[in-house]
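Geometric and topological summary
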Amino acid sequence: VVGVATAFANNYYVFTVLRFFAGALQQGIILTGFVMACELFPAENRTFAGMAIENFWATGMCLLALFAYLIRNWRYLQLLISLPGILTICFFWILPESVPWLCANNRTEEAEVIIQRAAKVNKIDLPERCLLGPEKESMLHSDQTDIGNHEKAMNGKQSILQKLGFGKKEKR
């Protein structure tokens, strides 16, 4: 939105203020997208995911140079690079919350709904409570909240998230 407004700036001061806000806001947008994309991969593959995202950014910078060569009016160029970003505003309502974040914040039931919806779209059959498993399910409805008891109840078994690589320490 700020990028589109920049194309209609009528003086240098307005242009400068709008570019400042575009740069400041973009850092939060880029960081959020980077984290969400990396969360899609197990811990041992996140480095590759991060590098892949940066390759898209580098490709975009190369295309920007080509667009700037072809479109000589800076206002049209600003609109060209800003208008596609407006489409991402609807992501706020479309994209679900991060499953690892939900689990880390004890919102497992919401994470379960998201996992089940994704499994349905991908035509995969999952057990009803795949994130918890039967051992954790009983603990959810009991007064046992002690981590030691929780680990004993699992008997060394891994949850779905652990099998996918979440919860492991990333190798450096």
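To keep things clear, this report deals only with the structure shown in the data block.

The rules behind each value
- Residues numbered from 1 in each chain as written.
- Predicted model: local features only at pLDDT ≥ 70, side-chain atom pairs only at ≥ 80, totals over all residues.
- Heavy atoms only, no water.
- Salt bridge = Lys/Arg side-chain N within 4 Å of Asp/Glu carboxyl O.
- Buried < 20%, exposed > 50% of the residue type's maximum accessible area, 1.4 Å probe, protein only.
- Phe/Tyr/Trp six-rings, centres within 6.5 Å; stacked < 30°, edge-to-face > 60°.
- Lys NZ or Arg CZ within 6 Å of the ring centre and 35° of its normal.
- Axes fitted to C-alpha atoms, helices over the stretch in contact; angles between N-to-C directions.
- Helix = DSSP H or I, 4+ residues; strand = E, 2+ residues; numbered from the N terminus.
- Left-handed = near helix turned anticlockwise from the far one by under 90°.
- Contact = heavy atoms within 4.5 Å.
- Nonpolar A, V, L, I, M, F, W, Y, C, P; charged D, E, K, R; others polar.
- Expected span 1.5 Å × (residues − 1).
- Polar contact = N/O pair within 3.5 Å; in protein donor to acceptor, adjacent residues only side chain to side chain.

1. Considerations on the pattern of salt bridges
- Enumeration over the complete set of coordinates arrives at one salt bridge.
- For the salt bridge of Glu110 with Arg107, the shortest nitrogen-to-oxygen distance reads 2.8 Å.
- Note on Arg107: relative accessible area 32%, which makes it partly exposed.

2. Quick notes on the packing of aromatic side chains
- Within the structure shown, the criterion is met by four aromatic pairs.
- Centre to centre, the rings of Tyr12 and Tyr13 are 6.2 Å apart; their planes meet at 70 degrees, and the pair counts as edge-to-face.
- Classification of Tyr13 by relative accessible area gives exposed; the value is 67%.
- With centroids separated by 5.3 Å and ring planes inclined at 75 degrees, the aromatic side chains of Phe20 and Phe21 adopt a geometry described as edge-to-face.
- The exposed category is assigned to Phe20, whose relative accessible area is 56%.
- Over the ring of Tyr69 we find Arg72, and its NZ or CZ is 4.8 Å from the ring centre.

3. Here we look at the packing of helix α3 (residues 46-70) against helix α4 (residues 74-86)
- Interaxial distance between α3 and α4 falls to 9 Å at its minimum, and their mutual angle equals 145 degrees. Both α3 and α4 take part in a crossing whose hand is right-handed. From α3, Leu64, Phe67 and Ala68 reach across to α4, where they touch Leu77, Leu80 and Ile81.
- Across the contact of α3 with α4, the residue classes tally to six nonpolar, no polar and no charged.

4. What to know about the side chain of Thr6
- Structurally, the position occupied by Thr6 is in helix α1 (residues 2-7).
- Apart from residues no more than four positions distant in its own chain, Thr6 is found in contact with Phe15, Leu18, Arg19, Trp74 and Gln78.

5. Some words on unusual backbone geometry
- Of note in the backbone geometry, Asn106 takes a positive phi value of approximately 55 degrees without being a glycine.
- Inspection of the secondary structure assignment puts Asn106 in the loop between α6 (99-104) and α7 (108-121).

6. With respect to α4
- Over its 13 residues, α4 extends 19 Å from the first C-alpha to the last, a length consistent with the 18 Å expected when each residue adds 1.5 Å.
- Taken together, the buried positions of α4 are occupied by Leu77, Gln78, Leu79 and Ser82.
- Along its buried surface, α4 packs onto α1, α2 (12-39) and α3.
- In this structure Asn73 caps α4, since a side-chain oxygen of it lies 2.8 Å from the backbone nitrogen of Arg75.

By themselves, these are just geometric observations and shouldn't be taken as functional.
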